[in-house]
Amino acid sequence: MEQHQGSVVHLCGFENGQRIESRILEERIQQAVEKGCRVVEIEAFGQHGIGGRLWKGGDQKLHVKISGAPGQRVGSLGFPNSLIEVFGPCSDDVGWLNAGADIIIHGHATNGVANAMAQGKVYIAGNIGARGMTMTKHNPRFSPPELWVLGSAGDYFAEFMAGGVAVICGHEPQERANVLGFRPCVGMVGGKIFFRGPHKGYSKADARLIPIGDGDWRWLCENMQTFLPAIGKTELLETFSDREQWQVLKARGPHEKFSKARLSMAAFHQKVWDPELGKGGLVGDLVDFDRTTIPLITTGLMRRYVPVWENKKFASPCEASCPTGIPVHERWRLIREGRVDEAVDMALAYTPFPASVCGYLCPNPCMQSCTRLNARMPQLDISQLGKASIAAKLPEFPALSGKKIAIIGGGPAGISVAWQLRRKGHEAILYDMRPELGGKISAMIPRSRIPDEVIEAELARVREAIPHVFLHQRLEKSDIQEIREDFDFVVIASGTQKPRVLPIPGKEKLIPAIEFLQRSKAGEAKVGKRVLIIGAGNVGCDAATEAHRLGAEEILLIDIQAPLSFGKERQEAEAAGAKFKWPCFSKAVTEEGLELTTGEVIPADTIIISVGDLPELDFLPEGVETERGFIKVDGNFQTTDPKIFAIGDTVKLGLLTDAIGAGKKAAEKICDILSGKDVQGVSSRSRIDYGRVKLEYFDPRQSIFNGIESCASQCSSCGTCRDCGLCATVCPESAISRQSRDNGTGFEMVADPEKCIGCGFCAGACPCGVWDLAANEPIG
């Protein structure tokens, strides 16, 4: 039965003469919370798991009040901001796997209280049974889990406890002779236990008694003032204020646990085995050969596998997927080290547009390939770092070498190659037929996607680095031939200017998208109320967004196949109300709109065509070959004329970052030729195997990154050592050490072959995937 009263809901676990299943009751609790109820009163009849998993409450406070007889696992998987209150005793596993809820039990609780708890608080106004506070853990980024017990704790308390704080007050201990039962603290590796009263002893191999220090006492007194009012026992505050009655148990550290010398196998035979069974043991009277113990765990050449530190051998997925090759994980590392300015400036070694492209215009293939996605964790937001790169400072360029390279085209590709050549000390001269520098970035992309001031700031930085820019230059074939003779190299990056058109009647009424976007950005475009766009790719989506801005009320994009548009362009078109329809095949443009091959006429006042563009190549010299309307190049973007390179959309249509990456690659090849290097082909590192990277160290619940520091802290640094020291910590033989390189270029982690047993713990624990196990060299 369910009763509502404002934001309070009353639920009963008994209905129509029958007990409701635990699953059904939980579903009703979840539905009530989802509807906005923040006080849920429950009359329980043995249902399990009440009060857990209520993440639908979000950041709002939620109070679950339980009367009657709740079953096991009250508050299991409890969520932060939840307060779960039981008005009476409780069954097993209260607070099991608690992840942040506060749980109050007004009575006794049985076995397994706070088992495997990671966050939150559990208050017990009575005694608890066996194995309380077992297998707890503590993430240092959050407050440790706490268990407060008014009375005593049963056997095996704090077994395998790995973190948190327990307080056993020992009130009315006459029910039990001791406040801690049989063998507490077995396997304890972390946390503290405050207790008051007698005990039967504890596992001294795992814990030790320590004096209660001033800081611990202040903490206990302050938090006692929260615990006692919560369970309605404020009158006991004075009783519990005698410091001399309290003791503290603390987990031993790993070095404390293993500092005690252990018998070797040979010593065990000599001191234990032989005295008990006689020399030689059960077969001692039958054999007389040498029975010296041979170690089963081998080192050195006897190992089957050896660990190999493969730092930076493989590229991170983000770097490998970036056409420009930006090592994003290295930028996050600099931010973690507090070197934000260096992280921002680093991008200029790869692109002249770190803010415009990485921050606003790129679909970010680096984010789409982030290792975190394999664990269903949100990828890191590189656009935040990209936008911060607007503050990148112009680097110091070397003196000019005397070599000159002509760049035909002042768009992203042309500027990229010119930028990289200037970084290497060569002079780049840009020619462009447009009235302004920047190509599509400045002339076509809608302002809704990138602010003008960002483009202007980055182009100003480019002009400072590359002062020789000649605009309004429409070059003919003879001009290119003359430039070829006057310069060391020529790079063609003129982009695409010729829109594809459909060979259908009325095609002259179609407005090419490239023309529409240019006129729109210049403030010269007009559209009707109904706009139809042929071609539903990203350029078509940009046209749809601009048409909406110009007043279009109905916008339809059609295509012959499922639209290939994606990312921000698609999202903004849909946000503008654009609709998509496919498959559609155009037959003719009429006065009413567009007629399809099916006979359907789609009414439209304005029809824009966006089915791709081609480069204008009439100016090419005779020695430069073309292929299907584009310039033919090799893997380094060198044409059939060795002095001429071609990049960007003149070679193949692609993303802005593809054009920028091509410019960088072509510049590297030109610099190699100018310096006399004979570099055949292009070598690049392969991407690291996703399976080598361990994401268990990162919080999967963090879905929002507030600032670049937040992103940097969650980067696993795939393929590059984070210098965390985990490998050295987990090595059971202490075989791994951090050593500085003799040339002062950093450090390396080294495994001592005389200690290493080839167990692979280092490879299994490394968050970055830097360690690998390789087969050892065969003996003999």
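Residues numbered from 1 in each chain as written. Predicted model: local features only at pLDDT ≥ 70, side-chain atom pairs only at ≥ 80, totals over all residues. Heavy atoms only, no water.

1. So, the overall build of the chain
Convention followed: Helix and strand definitions here come from DSSP, where helices need a minimum of 4 consecutive H or I residues and strands a minimum of 2 consecutive E residues; each element is numbered from the N-terminal end. Based on C-alpha atoms, the radius of gyration is set beside the globule rule, defined as 2.2 Å times the residue count to the power 0.38. Under the scheme applied here, a residue whose accessible area is under 20% of the maximum for its type counts as buried, over 50% as exposed, and between as partly exposed, the area being computed with a 1.4 Å probe on protein chains only.
Assigned secondary structure in the chain consists of 21 helices and 35 strands. Here the C-alpha radius of gyration of the chain, 36 Å, is well above what a compact globule of 780 residues would show, namely 28 Å. Its C-alpha atoms give the chain principal-axis dimensions of about 105 × 80 × 55 Å. Counting all 780 residues of the chain, 49% fall into the buried class.

2. Some points on the packing of helix α16 (residues 538–549) against helix α17 (residues 567–575)
Note the following rule: Note on definitions: angles span 0 to 180 degrees between N-to-C directions of axes, and those axes are lines fitted to C-alpha atoms, for helices only across the stretch in contact. Each helix crossing is assigned a hand: it is left-handed if the near helix lies turned anticlockwise from the far helix by less than a right angle, otherwise right-handed if that turn is clockwise. Contacts are assigned to residue pairs that have any heavy atoms within 4.5 Å of one another.
Closest axis-to-axis distance for the α16/α17 pair is 8 Å, and the angle between their directions is 35°. When the axes of α16 and α17 are compared, the crossing they make is left-handed. Each of Asn538, Cys541, Asp542, Ala544 and Thr545 in α16 lies in contact with α17, whose residues at this interface are Glu569, Arg570, Glu572 and Ala573.

3. Considerations on empty space enclosed by the protein
Worth spelling out the cut-off: Any residue with an atom within 4 Å of a point lines the site, the site being either a cavity, points on a 1 Å grid over the protein atoms alone where a 1.4 Å probe fits but cannot get out, or a pocket, an open set with protein on both sides within 12 Å along at least 5 of 7 lines. Grid points are joined across faces, edges and corners, and a volume is the space filled by probe spheres set on the points. Under the scheme applied, nonpolar residues are Ala, Val, Leu, Ile, Met, Phe, Trp, Tyr, Cys and Pro; charged residues are Asp, Glu, Lys and Arg; polar residues are all the others, including Gly.
Under the definition given, this model contains 4 cavities of 30 Å³ or more. Of the pockets and cavities examined, the largest cavity occupies roughly 170 Å³. Lining the largest cavity are 16 residues, and of these Cys318, Trp332, Cys370, Leu380 and Cys715 lie nearest its centre. Broken down by secondary-structure element, the contributors of at least two residues to the lining of the largest cavity are α5 (317–321), α6 (328–336) and α9 (365–368). The residue makeup of the lining of the largest cavity, split by class, is 11 nonpolar, 4 polar and 1 charged. Approximately 120 Å³ is the volume attributed to the second largest cavity. Along the walls of the second largest cavity sit 17 residues, with Cys322, Ile326, Cys358, Cys362 and Thr657 positioned nearest its centre. Elements that contribute at least two residues to the lining of the second largest cavity include exactly α6, α8 (356–361), α9 and α18 (656–674). The class makeup of the residues in the lining of the second largest cavity is 12 nonpolar, 4 polar and 1 charged.

4. What about the state of the cysteines?
What counts here: For this text, the term disulfide refers to a pair of cysteine sulfurs within 2.5 Å.
Under the counting rule described, the total for this entry stands at 0 disulfides. Among the cysteines around Cys358, which has no disulfide bond, Cys362 carries the closest sulfur, lying 6.2 Å off. Not part of a disulfide, Cys671 finds its nearest cysteine sulfur in Cys322, a span of 19 Å. Classification of Cys671 as buried rests on a relative accessible area of 12%.

5. A closer look at the pattern of salt bridges
We apply this condition: Between Lys or Arg on one side and Asp or Glu on the other, a salt bridge is scored when a side-chain nitrogen of the former is within 4 Å of a carboxyl oxygen of the latter.
Scanning the entire structure with this criterion turns up 35 salt bridges. Lys440 serves as the salt-bridge partner of Asp649, at 2.9 Å between the closest nitrogen and oxygen. With a gap of 209 residues between them, Asp649 in the loop between β32 (644–646) and α18 and Lys440 in helix α12 (residues 440–443) connect regions that are remote in the sequence. Relative accessible area serves as the criterion here: at 14%, Asp649 is assigned to the buried category. Close ionic contact of Arg530 with Asp605 constitutes a salt bridge, the shortest N to O distance being 3.1 Å. Separated by 75 residues along the polypeptide, Arg530 in strand β22 (residues 530–534) and Asp605 in the loop between β27 (601–603) and β28 (606–609) bring together distant segments of the chain. Since its relative accessible area comes to 45%, Asp605 is described here as partly exposed.

6. Notes on the sheet that holds β27
Going by this rule: DSSP calls a pair of strands paired once it identifies at least 2 bridges connecting them.
The 3 strands lie next to each other as β25-β26-β27, forming an open sheet whose pairing is antiparallel. Two strands in the sheet have a free side with no partner beyond their single neighbour: β25 (586–589) and β27. Pairs of neighbouring strands in the sheet enclose a mean axial angle of 25°, with direction left out of account.

7. Here we look at the nonpolar core
Applicable threshold: Among buried residues, the Ala, Val, Leu, Ile, Met, Phe, Trp, Tyr and Cys ones that are joined through side-chain atoms within 4.5 Å form a nonpolar core.
Among the nonpolar cores identified, the biggest contains 50 residues, and Val113, Ile124, Ile128, Leu147, Phe157 and Ile193 are the most heavily contacted of them. Top contributing element to this core by residue count: helix α1 (residues 22–34), with 4 residues. With near-sequence residues (within four places) excluded, Ile124 lies in contact with Ile105, Gly107, Ala109, Val113, Leu147, Trp148, Val149, Leu150 and Phe227.

8. Digging into the domain arrangement of the chain
Quick note on the threshold: Throughout the structure description, domain borders are defined by an automatic or database domain assignment. Note on definitions: buried area is the accessible-area loss of two parts on being combined, 1.4 Å probe, summed for both. Any N or O atom pair separated by 3.5 Å or less is treated as a polar contact, with the protein-specific requirement of one donor-capable and one acceptor-capable atom, and with residues adjacent in sequence counted only for side-chain atom pairs.
Domain assignment breaks the chain into domain 1 (263–293), domain 2 (404–496 + 615–674) and domain 3 (501–612). Using C-alpha coordinates to define each centre, domain 2 is positioned 30 Å away from domain 3. Facing 14 residues of domain 2, the contacting portion of domain 3 comprises 10 residues. Buried surface at the junction of domain 2 and domain 3, summed over both partners, amounts to about 1,100 Å²; 51% is from carbon and sulfur atoms. Considering only the side of domain 2, the residues that lose the most area to domain 3 are Met444, Pro446 and Arg449, jointly responsible for 50% of the buried surface there. Summed over the shared surface of domain 2 and domain 3, the number is 2 salt bridges. Our count for the domain 2 to domain 3 interface comes out at 6 residue pairs in polar contact (both at pLDDT 80 or more). In terms of residue count, the dominant contributor to the side of domain 2 that touches domain 3 is α12 (3 residues).

9. Some details on the packing of helix α11 (residues 412–423) against α18
At a closest axis distance of 7 Å, the pairing of α11 and α18 adopts a crossing angle of 35°. Considering the relative orientation of α11 and α18, their crossing is right-handed. Packed against α11, whose contacting residues are Pro412, Ala413, Ser416, Val417, Gln420 and Leu421, the element α18 presents Leu656, Ala659, Ile660, Gly663, Lys664, Ala666, Ala667, Ile670 and Cys671 at the interface.

10. Some words on the confidence of the model for the chain
As a reminder of what qualifies: Known as pLDDT, the predictor's per-residue confidence is scaled from 0 to 100.
Here the chain averages 90 in pLDDT, while 95% of its residues score no lower than 70. Here residues 1–5 scores under 50 on pLDDT; set against residues more than four positions off or in separate chains, the count is 14 contacts.

11. Some points on the side chain of Ser565
Inspection of the secondary structure assignment puts Ser565 in the loop between β23 (554–558) and α17. Within the local environment of Ser565, its side chain forms a polar contact with the backbone oxygen of Ala536, the two atoms lying 3.0 Å apart. At 3.0 Å, the side chain of Ser565 forms a polar contact with the side chain of Arg570. Residue contacts for Ser565: discarding those within four places in its chain leaves Ala536, Gly537, Asn538, Cys541, Arg570 and Phe580.

12. Brief notes about the sheet that holds β32
In spatial order, the strands read β18-β17-β16-β19-β32; together these 5 strands make up an open sheet with parallel pairing. Edge positions in the open sheet fall to β18 (469–470) and β32, since each of these has one partner strand only. Where strand β16 (residues 404–408) and strand β19 (residues 489–492) come together, 4 bridges link them in parallel fashion. Bridging from a neighbouring strand, Ile405 pairs with Phe489 of β19.

13. Focus on a nonpolar patch on the surface
Selection rule: Patches in this entry comprise residues that are over 30% relatively accessible and not in a salt bridge; like charges within 9 Å are linked, as are nonpolar side chains (Val, Leu, Ile, Met, Phe, Trp, Tyr) within 5 Å. Each accessible area value is a Shrake-Rupley result obtained with a 1.4 Å probe; residue values ignore everything except the protein chains displayed when judging cover.
A cluster of nonpolar residues, Leu263, Phe268, Val272, Trp273 and Leu277, forms a patch on the protein surface that exposes about 410 Å² of accessible area. Counting through the fold element by element, Leu263 comes out in the loop between α3 (254–257) and α4 (265–277).

14. Examining unusual backbone geometry
Leaving glycine aside, a negative phi is the common case for residues, and trans is the common case for peptide bonds. Looking along the chain, the bond that leaves Trp582 and enters Pro583 is cis, with omega of -10°. Summarising the element assignment, Pro583 is placed in the loop between β24 (579–581) and β25. Phi is positive for Ala158, which is not a glycine, with a value near 60°. The buried category is assigned to Ala158, whose relative accessible area is 0%. Located in the positive-phi region is Arg628, a residue other than glycine, with phi close to 55°. Its place among the elements puts Arg628 in the loop between β30 (626–627) and β31 (630–631). Relative accessible area serves as the criterion here: at 80%, Arg628 is assigned to the exposed category.

15. Structural notes on α4
Under the convention used in this document: One less than the residue count of a helix, multiplied by 1.5 Å, gives the span that helix is expected to have. Two axes are fitted around each residue, one to the seven residues ending there and one to the seven starting there, and the angle between them is reported as the bend at that residue.
Look at α4: only 16 Å from first C-alpha to last across 13 residues, short of the 18 Å you get at 1.5 Å a residue. Of all the bends in α4, the largest measures some 25° and sits at Lys271, one to four residues before the proline Pro275.

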